[in-house]
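Okay, here's what each chain looks like letter by letter:
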2 protein chains.
Amino acid sequence: MNAKFVCKGDVVFSIDQEHMQSIEQGFVVCEDGICMGAYDELPAEYAQYPVVDCGKNLIFPGMTDLHVHAPQYTFRGLGMDCELLEWLQTYTFPEENKYRDMDYAREAYSYFAEDLKRGFTTRAVIFATIHNEATVELMDQLEETGLITYVGRVNMDRNGGSGLQEESAGSSLLGTRRWLEAVQGRYRNTMPILTPRFIPTCSDELMLGLGALAKEKSLRIQSHLSENPAEIAWVRELVPAADCYANAYELFGHMGSEELPTIMAHCVYSDAREMEILKAHGVYVAHCPDSNLNICSGIAPVRKLLDAGIHVGLGTDVAGGSSLNMVRTMLTTLQVSKMYHTLLERDCAPLTFEETFYLATMGGGQYFGKVGSFRKGYEFDAVVADDSLMKSTRHLTPRERAERMIYNDADCMIRKKFVAGRQVL
Amino acid sequence: MNAKFVCKGDVVFSIDQEHMQSIEQGFVVCEDGICMGAYDELPAEYAQYPVVDCGKNLIFPGMTDLHVHAPQYTFRGLGMDCELLEWLQTYTFPEENKYRDMDYAREAYSYFAEDLKRGFTTRAVIFATIHNEATVELMDQLEETGLITYVGRVNMDRNGGSGLQEESAGSSLLGTRRWLEAVQGRYRNTMPILTPRFIPTCSDELMLGLGALAKEKSLRIQSHLSENPAEIAWVRELVPAADCYANAYELFGHMGSEELPTIMAHCVYSDAREMEILKAHGVYVAHCPDSNLNICSGIAPVRKLLDAGIHVGLGTDVAGGSSLNMVRTMLTTLQVSKMYHTLLERDCAPLTFEETFYLATMGGGQYFGKVGSFRKGYEFDAVVADDSLMKSTRHLTPRERAERMIYNDADCMIRKKFVAGRQVL
């Protein structure tokens, strides 16, 4: 593929949290993986670049899935009949335990990687399992897709139920070091991330060890925070020294920094004190509304997180969420923000479409650097989508078509996808 | 098409509100539009019938959309930024006013009819506008699809804003009579239904006149009930004699009977008193969860409606809802029932997948008679859907695949559709 090219079509993207740009039959310029801007008329300096004519298809930035469990993809959309802790013991841990078997892992991860590749996602931050070999297999397969991802080999040395538990903090840490050695220098697009499942499955010793390891090797961390009331009460018992769940992670050295930011999934019940901690460390909150609905967790206060200046992106959280579809996740994000406003707090305004589109693209993309926009200098992640099945009596702008798409994603076909300037679909 | 045939494939359907039957490589028999049952082995008496081999596709009953506004399809997924009364004045009434223009109506309705035909819906109950000619055009187009529908020419003689309002109760009633004459005997599959928009747009005189007309001509009625707090407060002012919104309809003779049941959309705020009225008349509640989310109405107490023995089906309520997709509507139904349980009333259990599937098929189907199941004696409405894009590491039953489908409808392709035994797709 040419390193310099122009995509021509109906362009729409976020400029910032509140504003979008919409250009009919516009031009998006790519140079060596970097977007040189979006234009209604092609500047003379790019006139010689080859043009990828996308016709009347929509061209918008690729989406970042900030939180997804690859091994759980096998039971997506099944067994959505209990809350978090019971759901983990009944469905999740027994399934993840199967990834000891490499034949199983290879097949299961191939379905995950294939479907992630054909969807709206260009970047993702992913949980694997406690198994080193299977996690490397997942990373190998993801590398093949051309998507850019962080992948975590999971740590858990307690409360894993039958089978899915490491012997000790020491063996979990040693296993993690071995995994890091195995993947070092192996990939272009696939990076390791430390992944303590959550405090209930990680002893203090393991948590402290992982905090130290993150520091030693300048690694990022991902985990779960304040998803469900029973989970939060449990953490209060497990870490009595902490004044809240977020503070427990902080005490273990897991909250990261603006340079090496931590991702915390959910934050459904994060209050002002937790938000203070999230903000102080530059944590990214992965908002996962489908999961929060499916396993009856609640609705995260996204408007408040944004107002507090906290980084927020979206996660599908398969298999709490049941689909890798980021466009559907946008719709659920909008809808639950309206429910938060209607049922919980009238003064907390619903998210707008602009804000929701921002979260799915720039909000999560920022975790990867300058990603998620067609502003000049951003990495060139783009999706080309055909929405011609949705006919209209009047002329719609690309911005309006993007809004309509999130309500009717089944009628929207992805035709091309680019990640950092490389065409992957 | 042969009047007697057998469909072979992976069959799943509701037997009743709590139970489903799932038959891998099963047989569903059709005789003259009626289902003669579903079998794991084909009974000898049907051995000579031609077999429609659907391979490994899922075969399930067609779905009934109990509440949808055809003229609003043109702005689906756009302008979802206000609540009911403002939304009606800002987006809905100006759009419906365009259907005075037959060229516009013809084009707009063609998109609606085409998309309804290619979706999961086999039966629908539809609002048109106040315009006779455009309503007949819609009915003509729907008749062509092979779907079975009720269509209502809308009545409104007050509060219609700029343009969308009839001159008087008398002219609205006269227009309705003329429309009824125009469509009498014209269709096989398309039936008229009286359609007062809702009490705020219909004077007492008009409401009483329509109640009398329903009785005179044995017609059914559809309308809206208790969707939004501001609407409910308004109705309290408009009909001071009524002790609640439902009672207002009752006083005007609009609540129907088991033989000629009324459909009331929404019932988000229906309390015990309203449920008593709904139950006494055999009203069908059209539960429209996507709409209730999109325009911040709230969450209807579906579990309580069912427990009270009230008929409930699902509606997409385009364009409060933004998609004709009944499978998506099932998912939202499940998800909002979980939110009702989590946020509003812990003792009110979420709906199960079985109950939700029932609502979309038998629950609404019952409005049309014996519709929405493959039990013997039901009308043969069937959808054949290909879910092979969703790969699995383990063997899934048709019941499990149906559950997975509602969470991943974009990966599910409709291959065939039958309505009362006639193949329409």
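For the structure, see preceding data.
What you are looking at is a predicted structure, and each value in this text was computed from that prediction instead of being measured.

Looking at this structure, I do not really get the relation of the copies chain B and chain A. What am I missing?
Think of it as a corkscrew move, a rotation about one axis and a shift along it, taking one chain copy to the other. Under the fitted operation, chain B is carried onto chain A by 0.0 Å of movement along the axis and a turn of 180 degrees, and the coordinates agree to an RMSD of 0.0 Å. Such a combination of turn and shift is consistent with a two-fold rotation axis. Looking at the rotation axis and the C-alpha trace of chain B, the residue lying nearest is B:Ala410, at 2.1 Å. Counting the interface residues of chain B, we find that 100% of their copies in chain A are interface residues as well, pointing to one common contact surface.

Sorry, what's going on with the sheet that holds strand 11 (residues 222-225) of chain A here?
The strands making up a sheet associate through backbone hydrogen bonding, with each pair oriented either parallel or antiparallel. Residue and element names in this part refer to chain A. If you trace the four strands from one edge of the open sheet to the other, you get 11-12-13-14, paired in parallel fashion. Two strands close off the open sheet at either side, each with one partner strand: strand 11 and strand 14 (311-314). Going across the sheet, the axis of each strand differs from the next one's by a mean of 30 degrees, ignoring polarity. One ladder, built from three bridges, connects strand 12 (residues 263-266) with strand 13 (residues 284-287); its direction is parallel. Pairing of Met264 across the sheet is with Val285, part of strand 13. On top of the sheet, helix 12 (residues 353-365) reaches strand 13 and strand 14; it is set at about 105 degrees to strand 14, its chief contact.

What's the story with the nonpolar core in this structure? I'm lost.
Inside soluble globular proteins, nonpolar side chains tend to come together where they are buried. Ranked by internal contacts, the top residues of the largest apolar core, which has 248 residues, are A:Phe60, A:Phe112, A:Ile126, B:Phe60, B:Phe112 and B:Ile126. Residue contacts for A:Phe60: discarding those within four places in its chain leaves A:Val12, A:Phe120, A:Phe357, A:Phe374, A:Asp381, A:Ala382, A:Val383, A:Ala385 and A:Met405.

Before we go on, may I ask you to explain the layout of surface pockets in this structure?
Picture a little ball the size of a water molecule; that probe, rolled over the atoms, points out where space is still empty. The calculated volume of the largest pocket comes to roughly 920 Å³. Broken down by secondary-structure element, the contributors of at least two residues to the lining of the largest pocket are helix 2 (102-118) and strand 16 (413-419) of chain A together with helix 2 (102-118), helix 11 (326-344) and strand 16 (413-419) of chain B. When the residues that make up the lining of the largest pocket are grouped by side-chain class, the tally is 20 nonpolar, eight polar and ten charged. Within this model, the second largest pocket holds a volume of roughly 520 Å³.

Looking at this model, I keep getting lost on the pattern of salt bridges. Mind explaining?
Opposite charge on two side chains permits pairing when their charged atoms draw close. Applying the stated rule across the entire model yields 50 salt bridges over all chains. The residue B:Glu345 makes a salt bridge to B:Lys304 at a minimum N-O spacing of 2.7 Å. You can see B:Glu345 sitting in the loop between helix 11 and helix 12 (353-365) and its partner B:Lys304 sitting in helix 10 (residues 302-307), a full 41 residues away along the chain. With a closest N to O distance of 3.4 Å, B:Arg394 and B:Glu400 form a salt bridge. Each of the salt bridges in this network shares a partner with another, and the network as a whole consists of A:Asp10, A:Asp387, A:Arg401 and A:Arg404.

How do you make sense of the packing of aromatic side chains when you look at a structure like this?
Two measures describe an aromatic ring pair: the distance that separates the ring centres and the angle between the ring planes. Under the criterion given, the structure shown has 38 aromatic pairs over all chains. Their ring planes at 80 degrees and their centres at 6.4 Å tell us that B:Phe60 and B:Phe357 sit as a pair that is edge-to-face. In this pair, B:Phe60 is assigned in strand 4 (residues 51-61) and B:Phe357 in helix 12, connecting sequence segments 297 residues apart. Exposure class is identical for B:Phe60 and B:Phe357. Each is buried. Linked through ring pairs, A:Phe5, A:Phe13, A:Phe374, A:Phe380 and A:Phe418 together constitute an aromatic cluster. Above the face of the A:Tyr73 ring, A:Arg76 is positioned so that its terminal group lies 3.8 Å from the ring centre. B:Arg220 extends its terminal NZ or CZ atom over the ring of B:Tyr367, reaching a point 4.4 Å from the ring centre.

Whenever I open this one, the interface of chain B and chain A confuses me. Can you help?
Interface extent is often summarised as the accessible area lost during association of the parts. Residue-level contacts link 52 residues of chain B with 52 residues of chain A. Of the roughly 4500 Å² buried at the junction of chain B and chain A (both faces included), carbon and sulfur atoms supply 51%. The largest contributions to the chain B side of the interface with chain A come from B:Arg328, B:Lys391 and B:Thr393, which together make up 15% of the buried area. Between A:Glu114 and B:Lys391 there is a salt bridge; the shortest N-O distance is 2.8 Å. Counting residues per element, the ones that place at least two in the side of chain B that touches chain A are helix 2, helix 9 (289-294), helix 11 and helix 13 (398-407) of chain B. Element by element, the count of residues in the side of chain B that touches chain A is highest for helix 11 of chain B, at nine residues. A class-by-class count of the residues in the side of chain B that touches chain A yields 19 nonpolar, 16 polar and 17 charged.

Where do I start with the environment of A:Trp179 in this structure?
Residues and elements named next belong to chain A. For Trp179, the position within the fold is in helix 4 (residues 169-183). As for Trp179 and Thr135, which are separated by 44 residues in sequence, their C-alpha atoms are 8.3 Å apart. Residues in contact with Trp179, not counting those within four places in the same chain, are Asn132, Thr135, Val136, Met139, Val151, Gly152, Arg153, Pro192 and Ile193.

Would you take a moment to explain the pairing of strand 12 of chain A for this structure?
The side chains of a regular strand alternate, first on one face of the sheet and then on the other. Across four bridges, the pairing between strand 11 of chain A and strand 12 of chain A is parallel. Opposite A:Ser223, over in strand 12 of chain A, you have A:Met264 as the bridge partner.

Calculation notes
Residues numbered from 1 in each chain as written. Chains lettered and ligands numbered in written order. Predicted model: local features only at pLDDT ≥ 70, side-chain atom pairs only at ≥ 80, totals over all residues. Heavy atoms only, no water. Least-squares fit on C-alpha atoms with pLDDT ≥ 70 in both. Contact = heavy atoms within 4.5 Å. Pairing = 2+ DSSP bridges. Helix = DSSP H or I, 4+ residues; strand = E, 2+ residues; numbered from the N terminus. Axes fitted to C-alpha atoms, helices over the stretch in contact; angles between N-to-C directions. Core = buried A, V, L, I, M, F, W, Y, C linked by side-chain atoms within 4.5 Å. Buried < 20%, exposed > 50% of the residue type's maximum accessible area, 1.4 Å probe, protein only. 1 Å grid on protein atoms, 1.4 Å probe; cavity = no way out; pocket = protein on both sides within 12 Å on 5 of 7 lines; lining within 4 Å. Points joined across faces, edges and corners; volume = space filled by probe spheres on them. Nonpolar A, V, L, I, M, F, W, Y, C, P; charged D, E, K, R; others polar. Salt bridge = Lys/Arg side-chain N within 4 Å of Asp/Glu carboxyl O. Phe/Tyr/Trp six-rings, centres within 6.5 Å; stacked < 30°, edge-to-face > 60°. Lys NZ or Arg CZ within 6 Å of the ring centre and 35° of its normal. Buried area = accessible area lost by both parts, 1.4 Å probe.

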